[in-house]
Every structure is written in structure tokens, then in C-alpha cells.
Amino acid sequence: KLSFHKHDTARSAAINMAFDALRLGGTMPAVLNGANETAVKLFLDGKICFSEIMGKVRMAVGKHSVCGNPSLNDIVDAERWAREEVLLTC
């Protein structure tokens, strides 16, 4: 059985950040994805604590200048940039 409930915005920083990235559009969802995947890998590899994941993602998202009508290359470059930004913080 599946049950769906409205998420608690006060306790769902990651979900809120994802919705914000979708609203901004352009290259921001790719940046969010690249930063998150890299931060989670760092956690799984024992290089950062679980509690550091959101801070690293938030940092990359905060530094990114959105390209509003990106080409595929812009999206790939933005995701790569985000991964590199997260790695630079370790």
C-alpha cells in the first residue's frame, strides 16, 4: 500500500532546494544534481559526514549563475562545474 502525504517544508531542506532548482530552471537542476551526487559519494567513501552533504550542495547552488536557455553542452558543463566545486571543498 502506498500513502502520500504533503511534505513538511520546515524539515525538508533537500526537497525545498530541489523545487527551487526546478522553478529557476535552466542549468540549476543539473548543478543541484551534480553537487548532490558528488557530496553523497564523498559521504559513502567516508570523506565527509552525512550532515555535511546539504551544506556542500547549498554552496554549489549558491555560487552558480543560471544559464536560462541552456544548450546540452551548457547543462553538461554546469553539472561538471558543480561536481568540481564540491570536490574543491574537501
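**Q** Just to check I follow, could you spell out the environment of Met59 for this structure?
**A** Mapped onto the fold, Met59 is located in helix H3 (residues 53-63). Taking the C-alpha atoms as reference points, Met59 and Asn36, separated by 23 residues in sequence, lie 11 Å from one another. With residues near it in sequence (within four places) discarded, Met59 still touches Glu85, Val86 and Thr89.

**Q** What is the right way to read the nonpolar core from this model?
**A** Proteins that are soluble and globular tend to have nonpolar side chains buried together. Among the nonpolar cores identified, the biggest contains 16 residues, and Val31, Leu32, Ala35, Ala39, Val57, Val61 and Val86 are the most heavily contacted of them. Mapped by element, the contributors of at least two residues to this core are helix H1 (13-24), helix H2 (28-44), H3 and helix H4 (72-88). Contact partners of Leu32, with chain neighbours within four places excluded, come to Met17, Ala18, Ala21, Val57 and Val61.

**Q** What is the right way to look at H1 in this model?
**A** The α-helix advances 3.6 residues per turn, and as a result positions three or four apart in sequence lie on the same side. With 12 residues, H1 extends 16 Å between its outermost C-alpha atoms, agreeing within 8% with the 16 Å of an ideal straight helix rising 1.5 Å per residue. After H1 finishes, the residue Gly25 shows a positive phi value of roughly 65°.

**Q** What is the right way to read the pattern of salt bridges from this model?
**A** Per the stated rule, a full pass over the model turns up six salt bridges. Measuring nitrogen to oxygen at the nearest pair gives 2.7 Å for the salt bridge that ties Asp20 to Arg23. Of this pair, Asp20 and Arg23 are both found in helix H1, three residues apart, which corresponds to roughly one turn of the helix. Two residues, Lys41 and Asp45, come together in a salt bridge whose shortest N-O distance is 2.8 Å. Taking the relative accessible area as the measure of exposure, Asp45 reaches 42% and is therefore partly exposed.

**Q** Help me understand the environment of Asp74, please; the structure alone is not making it clear to me.
**A** Within the secondary structure layout, Asp74 lies in helix H4. For Asp74, a relative accessible area of 31% corresponds to the partly exposed category. Separated by 64 residues in the primary sequence, Asp74 and Ala10 have C-alpha atoms spaced 33 Å apart.

Scoring rules and cut-offs
Sequence order as written defines residue numbering, which begins from 1 separately in each chain. Side-chain atom pairs in this predicted model are given and counted only at pLDDT of 80 or more, local residue features only at pLDDT of at least 70, and totals for whole chains, interfaces and linings cover all residues. The side-chain quantities take in all heavy atoms of the structure and omit both hydrogens and water. Numbered from the N terminus, helices here are DSSP runs of H or I no shorter than four residues, and strands are runs of E no shorter than two. Residue contacts are counted whenever heavy atoms from the two residues lie within 4.5 Å of one another. Remark: nonpolar core denotes a set of buried residues (Ala, Val, Leu, Ile, Met, Phe, Trp, Tyr, Cys) joined through side-chain atoms within 4.5 Å. Throughout this description, buried means an accessible area under 20% of the type-specific maximum (1.4 Å probe, protein chains only), exposed means over 50%, and partly exposed covers the range between. To estimate how far a helix should reach, multiply one less than its number of residues by 1.5 Å. The rule for a salt bridge is simple: a side-chain nitrogen of Lys or Arg has to be within 4 Å of a carboxyl oxygen of Asp or Glu.

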